[in-house]
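# Inside the fold
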Amino acid sequence: MEDFETELREQLAAIYRDGRWICVATMAVMATRFMGQVAETAGLEPPQTAEERRTSPLIGLAVHDIAPDADGVFPILSLDRPSSGDLLVDTLGTEAAIADLPSSVLDELDAWDPDRSARVLVPPIFSCEPVASRYVFGGRPRTWVDLEDKLAVLDLFADAGIATAPAEVVELDDNIAAKAVHGRLAGSHGTVWAVDNSKGMHGGAAGTHWVTSTADAVELAGRLGVDHRRVRIMPFLTGVPCSIHGIVLEDITVATRPNEMLVYVDETSRVFHYCRFGNHWDPPAADREAMVAAAIAVGDTLRTQVDFSGVFSLDGVLTADGFRPTEINPRYGMALPSTLPMTDGGSIDMFLLDKAIIAGVVRPDPVLLQRWLLRRLDDNRRGGATFTTANRPSQKRTATVVADDGDLSLVDVQEGEGVATPGDEPAAAALASVTWMPVGAGQRVWMTFGDAFPVGPPAASLALRIARFVDDRWNVGLDDLTPALTLGADR
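As a starting point, this report considers the structure included with it.

This next bit is on unusual backbone geometry. Residues apart from glycine generally show negative phi values, whereas peptide bonds are mostly found in trans. One non-glycine residue, aspartate 307, lies in the positive phi region at around 55 degrees. Relative to the helices and strands, aspartate 307 resides in the loop between α10 (285-306) and β12 (310-319). In this structure aspartate 307 comes out as exposed when scored by relative accessible area, which is 60%. The phi torsion at aspartate 412 lies on the positive side, around 55 degrees, for a residue other than glycine. As for its placement among the helices and strands, aspartate 412 is situated in strand β18 (residues 407-416).

Right, dumping it as structure tokens:
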């Protein structure tokens, strides 16, 4: 494995050391981190000041949450736009903003890159449209983006030959049909509706609705029909919300390991809350093998039908009857670590590897890649949760959560200024690190699972217990949530 790791790292270093790179991100701090990723992979020094930026092969372009560094110097180009507090909305807003850059930013880019040879790295959700007349490296063509639509994937699942739950697509101007389909498909917990992408893509819990009565079905059809044309209706699937990633190569699809999606429901308002992910959960071996087989079948179908390459995720629910997919994300998913450790202590940047695979400039051995991935993912568990809060802290608060004979406590509690972002590593033997912070127009509790977080059972219930424990002490204003998996059979 060491030879494979070393060769792959050297290939990526040669790719990202070549030429100039523009790193696009929603926030300034994310753009800085993005430049750091590229610099570390290429063996370069990332620029720290505006002066260094002018001669560096790396430049950052950010849109929201602009803050200067410690010296009061902006290390990146900034559009200085307000954040909505919603990550998906901000990300889509960033894509729209960079399609129409102001002349001042275009002039500075041209001064830094007069021949416009720089390549652009964008978040995975973006398409491959040029940015400032420059090539987007590893971008997604429109045929891939279109598969974000949760209605479009039904045919793809059928072509892949994988087992799915019953589903029907209904025109929203036909209330009678919507009511009838709900009646046919509703199980003990009703149905789940997913809208089309006529108003743009949606992810997480956005655009997904839980319906428990025929009266609600008629009301919802009328309400959704204002902005959408069609909706997909499925039974509410009881079990563990989960996903698995695949990597589509030239002739083969490599599958990773399952991840749990931390999905909660408000049983009063019947609203879903997607609160991140984790891979501490170990499904039964037979279910894991079935998820791997489904991911490979979908990846092979994606390659055949839309010439797909690179990373995708297959999302669904592990029910008492097995895994039932509900959607695909034809792009790099957050549950796949952005970096994985190497035997020698270094790391492989998985996101930059994905970009290189899509661009067709690196072709790793599929057998060695899968063996290495599974070993690294099984040995390096990670995850966390994010909860939107009703209350807003006066300052960023951080703490570590530990457990003593099952009793939780907060240690290393701090409060202070600064740009707060998720991802701070918890102390050794901690259940989690938690941060409560303002985020644009909103506020959230971010949680990163630590070494003491248990491996094996689903993480959603313990993560919610930790969030409630923090709420009791900080009064964050946590919603009344229930893990979706507890509504049905807990695998």
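One can find methionine 261 in strand β10 (residues 253-266). When its relative accessible area of 12% is taken as the criterion, methionine 261 is described as buried. As for methionine 261 and serine 243, which are separated by 18 residues in sequence, their C-alpha atoms are 6.9 Å apart. Excluding anything up to four places from it in sequence, methionine 261 contacts Pro241, Cys242, Ser243, Tyr274, Arg276, Phe277, Asp315 and Gly316.

The buried fraction of helix α11 (residues 350-359) amounts to 9 of the 10 residues, a majority that puts the element mostly inside the structure. Buried within α11 are the following residues: Met350, Phe351, Leu352, Leu353, Asp354, Lys355, Ala356, Ile357 and Ile358. Two to three positions downstream of the cap, the backbone nitrogen of phenylalanine 351 sits 3.1 Å from a side-chain oxygen, assigning the N-cap of α11 to aspartate 349. A positive phi of about 80 degrees marks glycine 360, the residue just after α11.

Across the interface, helix α7 (residues 153-160) lies against α10 with an axial gap of 9 Å and an inter-helix angle of 110 degrees. Compared by their axis directions, α7 and α10 come out roughly perpendicular. Judged by residue contacts, Leu156, Phe157, Asp159 and Ala160 of α7 engage Ala297, Val298, Thr301, Leu302 and Gln305 from α10. Residues belonging to the contact of α7 with α10 are distributed by class as follows: 6 nonpolar, 2 polar and 1 charged.

For helix α12 (residues 366-379), built from 14 residues, the straight-helix expectation of 20 Å at 1.5 Å per residue is met to within 8% by its first-to-last C-alpha distance of 20 Å. Along α12, the positions that sit buried rather than exposed are Leu369, Trp372, Leu373, Arg376 and Leu377. Seen end-on, α12 carries its buried residues on one side only, within an arc spanning 120 degrees. Where α12 is buried, its residues meet α1 (2-16), β9 (240-248), β10, β14 (339-341), β15 (347-349) and α11. At the N-terminal boundary of α12, the capping side chain belongs to aspartate 365, with an oxygen 3.0 Å from the backbone nitrogen of valine 367.

Where a protein is soluble and globular, its nonpolar side chains tend to be buried together. If you look at the biggest cluster of nonpolar residues, it comprises 58 residues, and the most contacted ones within it are Leu262, Tyr264, Val298, Leu314, Phe387, Met447 and Ile466. It is helix α13 (residues 460-474) that provides the largest number of residues to this core, a total of 9 residues. Those residues in contact with tyrosine 264 that lie beyond four places of it in its chain are Val271, Phe272, His273, Cys275, Phe387, Ala460, Ala463, Leu464, Leu481, Thr482, Pro483 and Ala484. Core analysis: the next-biggest nonpolar cluster, separate from the first, contains 35 residues, Ile15, Ala39, Phe137 and Met350 among them.

Let's shift gears to the side chain of aspartate 315. Among the structural elements, aspartate 315 can be located in strand β12. The buried charged residue aspartate 315 lacks any salt bridge, with arginine 331 as its nearest oppositely charged partner at 7.1 Å. Of the polar contacts made by the side chain of aspartate 315, one reaches the side chain of asparagine 329; its length is 3.1 Å. Excluding anything up to four places from it in sequence, aspartate 315 contacts Cys242, Ser243, Met261, Phe323, Pro325, Thr326, Glu327 and Asn329.

Strands sit in the order β5-β8-β6-β7 across an open sheet of 4 strands; the sheet is antiparallel. Only two strands of the sheet have a single partner each, and these edge strands are β5 (168-171) and β7 (208-211). Between one strand axis and the next, the sheet turns by 30 degrees as a mean value, whatever way the strands run. Strands β5, β6 (191-195), β7 and β8 (230-235) of the sheet are contacted by helix α8 (residues 175-185), whose axis makes an angle of about 160 degrees with β5.

Turning to the pattern of salt bridges, a few remarks are in order. Considering all chains together, one arrives at 20 salt bridges under this definition. Of the charged contacts, one joins aspartate 110 and arginine 134 as a salt bridge, the two residues approaching to 2.8 Å between their closest N and O atoms. Note that aspartate 110 is positioned in helix α5 (residues 103-112) and arginine 134 in the loop between β4 (119-121) and α6 (142-145), a separation of 24 residues in sequence. Overall, the relative accessible area of 22% leaves aspartate 110 in the partly exposed class. Owing to a relative accessible area of 1%, arginine 134 belongs among the buried residues under this scheme. For glutamate 327, the salt bridge goes to lysine 150, with nearest N and O atoms at 3.6 Å. Taken together, the residues span a long stretch of sequence, with glutamate 327 in strand β13 (residues 322-329) and lysine 150 in the loop between α6 and α7 at a distance of 177 residues. Taken as a pair, glutamate 327 and lysine 150 share a single burial class, namely buried.

What counts, and where the lines are drawn
Residues numbered from 1 in each chain as written. Predicted model: local features only at pLDDT ≥ 70, side-chain atom pairs only at ≥ 80, totals over all residues. Heavy atoms only, no water. Helix = DSSP H or I, 4+ residues; strand = E, 2+ residues; numbered from the N terminus. Buried < 20%, exposed > 50% of the residue type's maximum accessible area, 1.4 Å probe, protein only. Contact = heavy atoms within 4.5 Å. Polar contact = N/O pair within 3.5 Å; in protein donor to acceptor, adjacent residues only side chain to side chain. Axes fitted to C-alpha atoms, helices over the stretch in contact; angles between N-to-C directions. Parallel < 35°, antiparallel > 145°, perpendicular 65-115°, else oblique. Nonpolar A, V, L, I, M, F, W, Y, C, P; charged D, E, K, R; others polar. Expected span 1.5 Å × (residues − 1). Arc of directions from axis to C-beta. Core = buried A, V, L, I, M, F, W, Y, C linked by side-chain atoms within 4.5 Å. Lys, Arg positive; Asp, Glu negative; His and termini not counted. Salt bridge = Lys/Arg side-chain N within 4 Å of Asp/Glu carboxyl O. Pairing = 2+ DSSP bridges.

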